[in-house]
Each structure stands twice: as C-alpha cells, then as structure tokens.
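As a plain string of letters, each chain reads:
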Amino acid sequence: MVKYGKYVSFNGKKYAFNYDKLKELCLSSSKDGNSNEFEISQAYEADDSGELRITSKVEHETRISGNQQNDMIIYDLIKLFIVSLLENTSSEKDFTFDFGTAISLNTLVRWKIIEEITE
C-alpha cells in the first residue's frame, strides 16, 4: 500500500504514484553489465623529410558499471507513459480509454509506479 497522502480518485478507486518505485526504476544504474568508453588522442608533426609522424598518443578508458543506454530507455519509456496519462484531458464522466492511455496506465500499474490504494 502506498503511504502517501496525495492520491487521485477515479471510477470509485484511489490511485497514487509510488515515488520510491519510480526512483528505483529511473535513477538506479542497471545491472545488465559493464560499459567501457575509450578515447584516443593522437598528435602528429612533420619530420625533417616532411612526412607526418606521430609525436604523442593518449588513450583514456572509462569503465562504468551498468548500462547507461538501458537506463535512458527505461527513463524515456516511463516518461512517455506518464505524459500520455497527463495529456488526457477528458473528465472522469466522459473518460474513455484510447490505446495509448490504456497501455500507459496498465504498464505503470504493473510496474507498481501507480498503485491502487486499498483501505
């Protein structure tokens, strides 16, 4: 059960965002492996014969735990689902589920980002 005082009533049920679950899904680094980034910088100068020769080479490697691309995909999906719900301007009385709203709400409920409050 969500322990927040803020909720919305819809069709006789109460719903609230589970901010802890939202934070867990969006802000924690994924555990799907490690990612390495490489950067190589090279400097060249002309020698006495006019040919270019490498004078310095710097290799920089950064190792990152998790996969930032996967994290960004999850963040973007959740954002898309929430925006889809917030952009639906129908009143409760006139509300009908279009496909986008239905998939958004069902996914957010399944992922426990939106929870039904039962008392």
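Residues numbered from 1 in each chain as written. Predicted model: local features only at pLDDT ≥ 70, side-chain atom pairs only at ≥ 80, totals over all residues. Heavy atoms only, no water.

**Q** Any details on the sheet that holds strand β2 (residues 13–17)? Residues and values, ideally.
**A** As summarised here, the arrangement of the 3 strands in space is β1-β2-β5, forming an open sheet in which the pairing is antiparallel. In the strand order of this sheet, the two ends are held by β1 (8–10) and β5 (114–117), each with one partner. Strand-to-strand twist across the sheet, computed as the mean angle between neighbouring axes with direction ignored, equals 40°. As paired strands, β1 and β2 are joined by 3 bridges and run antiparallel to one another. For V8, the partnering residue across the bridge sits in β2 and is Y15. (Pairing = 2+ DSSP bridges. Helix = DSSP H or I, 4+ residues; strand = E, 2+ residues; numbered from the N terminus. Axes fitted to C-alpha atoms, helices over the stretch in contact; angles between N-to-C directions.)

**Q** Tell me about the side chain of T107, and please be specific about residues and values.
**A** For T107, the position within the fold is in helix α3 (residues 99–110). Judged by its relative accessible area of 14%, T107 falls in the buried class. Here the side chain of T107 touches I103 through a polar contact of 2.7 Å, landing on its backbone oxygen. (Buried < 20%, exposed > 50% of the residue type's maximum accessible area, 1.4 Å probe, protein only. Polar contact = N/O pair within 3.5 Å; in protein donor to acceptor, adjacent residues only side chain to side chain.)

**Q** Run through the confidence of the model for the protein, naming residues and quoting values.
**A** When pLDDT is averaged across the protein, the result is 80; 85% of the residues are at 70 or more. At the level of individual helices and strands, the protein shows its lowest average pLDDT in β1, which scores 77, and its highest in α3, which scores 88. (pLDDT = per-residue confidence, 0-100.)

**Q** Explain the pairing of β2 residue by residue, including any values.
**A** Look at any regular strand and the pattern is simple: side chains alternate between the two faces of the sheet. Here β1 hands over to β2 after 2 residues, with N11 in that stretch at a positive phi of 50°. The pairing of β2 with β5 spans 4 bridges and is classified as antiparallel. Among the inter-strand pairings, F17 is bridged to a residue of β5, identified as I114.

**Q** Which residues make up the nonpolar core, and what values do they have?
**A** One finds L22, I78, I82, L85, L108, I113 and I114 to be the most contacted residues of the largest nonpolar core, which totals 13 residues. Contributing elements (two or more residues each) for this core: α1 (19–27), α2 (68–86) and α3. Those residues in contact with L85 that sit more than four places away from it in its chain are T101, S104, L105, L108 and I114. (Core = buried A, V, L, I, M, F, W, Y, C linked by side-chain atoms within 4.5 Å. Contact = heavy atoms within 4.5 Å.)

**Q** Any details on the pattern of salt bridges? Residues and values, ideally.
**A** Throughout the structure, instances matching the rule amount to 4 salt bridges. K57 is paired through a salt bridge with E59; the nearest N and O atoms lie 3.6 Å apart. Note on K57: relative accessible area 47%, which makes it partly exposed. Residues joined by salt bridges that share partners form a network here, namely D47, E51 and R53. (Salt bridge = Lys/Arg side-chain N within 4 Å of Asp/Glu carboxyl O.)

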